[in-house]
Amino acid sequence: MDGMGVGVAPVRYSVETRWLHWSCAWLIGAQFVLGEAMHRVPRALHGPIVSVHLSLGVLLAALFVTRVAWRVTGGRAIRFAAGTGLAGRAAPLVHGGLYLMLGVEIALGYLARWSGGNPVEAFGAVIRSPFGPMSRETHHLFGSAHGWLAWAIIVLAGGHGAAALYHARVARDGVLRRMWA
Ligand code: HEM
Ligand code: HEM
């Protein structure tokens, strides 16, 4: 069966891995909602929403770096081998794609802010741009790339969540349980 233990019972991901996965997932959902809302609310609410989006964005960036460091140093250990079927081969591609897109999305968020001539402010801390001034065109390019990539992440993460529910409800193979709280 796809993703099941190789000779050993499947074990759950550690509490750190599960915590990192779900805190990132919730933050990404919140960031998407705030991002989509920021241009649709009355003017007075735009600033506060951008400000919350920036603080949560910096928190997400810190969690993302921790998560990648945790992963590459072997912290994400679990005893299973991915299946060799289509789903087994697609899963690592989707997971790798999500990591890559998240990294780029976070970088684009900082660049979208800095290119507009503003610092990234998070929980009162001010992170100034290490770059010189940028043109209006560059600013718009970073902003729209950030907006489009947000949709791509939500679509891919939606497919990923649906696959997890398939594992839980149809395949009943414990894949969701090992990441569940
Ligand atoms: C996965 C994480 C994130 C998602 C899903 C996300 C999503 C979005 C969306 C949908 C928008 C609206 C884009 C548009 O105008 O169409 C937006 C705007 C923006 N985001 Fe993000 N974002 C994320 C992370 C970040 C981070 C880490 C930062 C920087 C620290 C950031 C900074 C910004 C800025 C500066 C804007 C433009 C605000 C303005 O118009 O004044 N975002 N984001
Ligand atoms: C923005 C939302 C999400 C993102 C970015 C995301 C990202 C990821 C990534 C990158 C992995 C691979 C972890 C690794 O091997 O290092 C993973 C694993 C996993 N995710 Fe998500 N995820 C999200 C939402 C969800 C949701 C909503 C569910 C369930 C309904 C879910 C269930 C799982 C499960 C069960 C695994 C473990 C898969 C396995 O052990 O083969 N994820 N997720």
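Here the structure is shown first, and the text comes after it.
Rules behind the numbers
Residues numbered from 1 in each chain as written. Chains lettered and ligands numbered in written order. Predicted model: local features only at pLDDT ≥ 70, side-chain atom pairs only at ≥ 80, totals over all residues. Heavy atoms only, no water. Helix = DSSP H or I, 4+ residues; strand = E, 2+ residues; numbered from the N terminus. Buried < 20%, exposed > 50% of the residue type's maximum accessible area, 1.4 Å probe, protein only. Contact = heavy atoms within 4.5 Å. Areas by Shrake-Rupley, 256 points an atom, 1.4 Å probe, with all protein chains shown as cover. Donors = N, O, S within 2.8 Å, 3.2 Å for Na, K, Ca; no water. Tetrahedral: all angles 85-135°; square planar, octahedral: opposite > 155°, others 65-115°. Salt bridge = Lys/Arg side-chain N within 4 Å of Asp/Glu carboxyl O. Near = heavy atom within 4 Å. Polar contact = N/O pair within 3.5 Å; in protein donor to acceptor, adjacent residues only side chain to side chain. 1 Å grid on protein atoms, 1.4 Å probe; cavity = no way out; pocket = protein on both sides within 12 Å on 5 of 7 lines; lining within 4 Å. Sits in = over half its atoms within 2 Å of the grid points. Nonpolar A, V, L, I, M, F, W, Y, C, P; charged D, E, K, R; others polar.

Draft legend 1. Region of interest: the overall build of the protein chain. What the protein chain contains, in helices and strands, is four helices and two strands. Helices and strands in the protein chain line up, N terminus first, as α-α-α-β-β-α. With respect to the three principal axes, the spread of C-alpha positions in the protein chain is 55 × 30 × 25 Å. When burial is assessed residue by residue, the protein chain has 34% of its 181 residues classed as buried. Long-range pairs, those at least 24 residues apart, make up 75% of the contacts in the protein chain with a sequence separation of at least 6. Of the roughly 11,200 Å² of accessible surface on the protein chain, a fraction of 69% belongs to carbon and sulfur atoms.

Draft legend 2. Representation of the coordination of the iron atom of ligand 2 in the model. Around the iron atom of ligand 2, the protein contributes the donor atoms His21 (NE2) and His160 (NE2), at 1.9 to 2.0 Å from the metal centre. Between the six donor atoms coordinating the iron atom of ligand 2, the angles at the centre fall across 88 to 179°, so the site counts as octahedral. Separated by 139 residues along the polypeptide, histidine 21 in helix 1 (residues 15-37) and histidine 160 in helix 4 (residues 136-171) bring together distant segments of the chain.

Draft legend 3. Structural detail: the pattern of salt bridges. With the rule as written, the count across this model stands at one salt bridge. One salt bridge connects glutamate 36 with arginine 40, and the closest N-O pair in it is separated by 2.9 Å. Accessibility expressed as a relative area gives 23% for glutamate 36, which makes it partly exposed. Exposure remark for arginine 40: the relative accessible area of 63% places this residue in the exposed category.

Draft legend 4. How the structure looks around the site of ligand 2. Inspection of the region around ligand 2 gives 20 residues, with Tyr13, His21, Arg71, Tyr99 and His160 positioned closest. Separating an oxygen atom of ligand 2 from a side-chain N or O atom of tyrosine 13 is a distance of 2.5 Å. At 2.8 Å from a nitrogen atom of ligand 2 is found a side-chain nitrogen or oxygen belonging to histidine 21. Taken atom by atom, the bulk of ligand 2 overlaps the largest pocket. Residue assignment for the shell around ligand 2 shows that the elements contributing at least two residues are helix 1, helix 2 (43-72), helix 3 (86-114) and helix 4. Looking at the shell around ligand 2, its residues break down into 12 nonpolar, four polar and four charged.

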